[in-house]
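# Architecture at a glance
The primary structure of each chain is shown beneath.
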Amino acid sequence: RHNQTRMNLKELFPLFSPIHALPDRVLFINTAEFERLKRYEINHSRVFILVSKGCLSLQIGGKTHYMEAHSFLDMLDGAPIQITSFSTDLKVYCLLPEYKFARESLKNLKPGPESHLLDTLHAPIIHLSIEEKNIIEKQLQLFEENLHNMKHHFREELAKTYFRSFMLELGNILFNHK
């Protein structure tokens, strides 16, 4: 358990191909790359994880949590996260935005209920309906496709736009869960 290397977002960037990131801004990890996270304890990073299919277990601040299909994790940068295991049929999306990138993307907008950030400290995982899962998944797919297009002249601007769109859809879902 203690053989995990502690990594913050800045230290994670060089471990992934440039098509998965805007360096020092945002990192997007898809299913194919997700296994690489098992070696690390993610520290001081905001982490969003959508499990579309399959299941995974992770430790948040030393406490074990399970995520199954249609579950979504929104973890603030306080507690360390460690992926411990996952099913062979896992389909997952993991988004790690740097604070400044998120702030610039949202332009002072705070989508979602006022209490959301406090809620995530106690219950970081929410279960989504199929429709909600599809909405979040579509947003994350758009984000990923944009990052993969290294030649796009407005790649960074689109990443901010897609992140904002993702956060607006998430905020709407969170209001519906209240």
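Details of the structure are given in the entry above.
In this report, we go over the structure that sits alongside the text.

Basis of the calculations
Residues numbered from 1 in each chain as written. Predicted model: local features only at pLDDT ≥ 70, side-chain atom pairs only at ≥ 80, totals over all residues. Heavy atoms only, no water. Helix = DSSP H or I, 4+ residues; strand = E, 2+ residues; numbered from the N terminus. Rg over C-alpha atoms; globule rule 2.2 N^0.38 Å. Buried < 20%, exposed > 50% of the residue type's maximum accessible area, 1.4 Å probe, protein only. Areas by Shrake-Rupley, 256 points an atom, 1.4 Å probe, with all protein chains shown as cover. Lys, Arg positive; Asp, Glu negative; His and termini not counted. Charge placed at Lys NZ, Arg CZ, Asp CG, Glu CD. Pairing = 2+ DSSP bridges. Contact = heavy atoms within 4.5 Å. Axes fitted to C-alpha atoms, helices over the stretch in contact; angles between N-to-C directions. Polar contact = N/O pair within 3.5 Å; in protein donor to acceptor, adjacent residues only side chain to side chain.

## Some remarks on the overall build of the protein chain
Along the backbone of the protein chain there are 6 helices and 11 strands. Taken against the 2.2 N^0.38 rule, which gives 16 Å for 178 residues, the C-alpha radius of gyration of the protein chain at 15 Å falls within 12% of a compact globule. For the protein chain, the C-alpha atoms occupy an extent of roughly 45 × 40 × 30 Å along the three principal directions. Every one of the 178 residues in the protein chain was classed for burial, and the buried ones make up 49%. Here the protein chain has roughly 9400 Å² of accessible surface; of this, 53% comes from carbon and sulfur atoms. Averaging the positions of the 22 positive and the 21 negative side-chain charges in the protein chain gives two centres separated by 3 Å.

## As for unusual backbone geometry
Here Asp24, not a glycine, exhibits a phi torsion of approximately 65 degrees, which is positive. Here Asp24 lies in the loop between β2 (21-22) and β3 (26-29). The partly exposed category is assigned to Asp24, whose relative accessible area is 40%. At His70, a residue that is not glycine, the phi angle is positive and equals roughly 70 degrees.

## A look at the pairing of strand β8 (residues 71-75)
Taken across its 5 residues, β8 has 5 buried, putting it largely inside the fold. Residues Ser71, Leu73 and Met75 point to one face of β8 and Phe72 and Asp74 to the other, with burial holding for every one of them. As defined by bridge partners, strand β5 (residues 47-53) adjoins β8 across 5 bridges and the pair is classed as antiparallel. Looking across to β8, one finds that Ile49 is bridged to Leu73.

## Looking at the sheet that holds β3
Strand order in the open sheet formed by 6 strands is β2-β3-β10-β5-β8-β11, and the pairing between neighbours is antiparallel. Of all the strands in the sheet, the pair left with one neighbour each is β2 and β11 (125-127). Bridge count for β5 against strand β10 (residues 91-97) is 5 bridges, and the pairing is antiparallel. Residue pairing in the sheet places Phe48 in a bridge with Leu95 of β10. The sheet strands contacting helix α5 (residues 130-148) are β2, β3, β5, β8, β10 and β11, and the helix crosses β10 at an angle near 65 degrees.

## Description of the side chain of Glu144
Within the secondary structure layout, Glu144 lies in helix α5. Reaching out from Glu144, the side chain makes a polar contact with the side chain of Asn30 at a distance of 2.9 Å.

## A word on the sheet that holds strand β1 (residues 5-7)
Read from one edge of the open sheet, 5 strands run β1-β4-β9-β6-β7, paired in mixed fashion. What marks the edges here is a single partner per strand, and that holds for β1 and β7 (63-68). Ignoring strand direction, the axes of neighbouring strands in this sheet form an average angle of 35 degrees. Judged from the 3 bridges that link them, β1 and strand β4 (residues 40-42) form a sheet pairing that is parallel. Directly across from Met7, in β4, lies its bridge partner Ile42.

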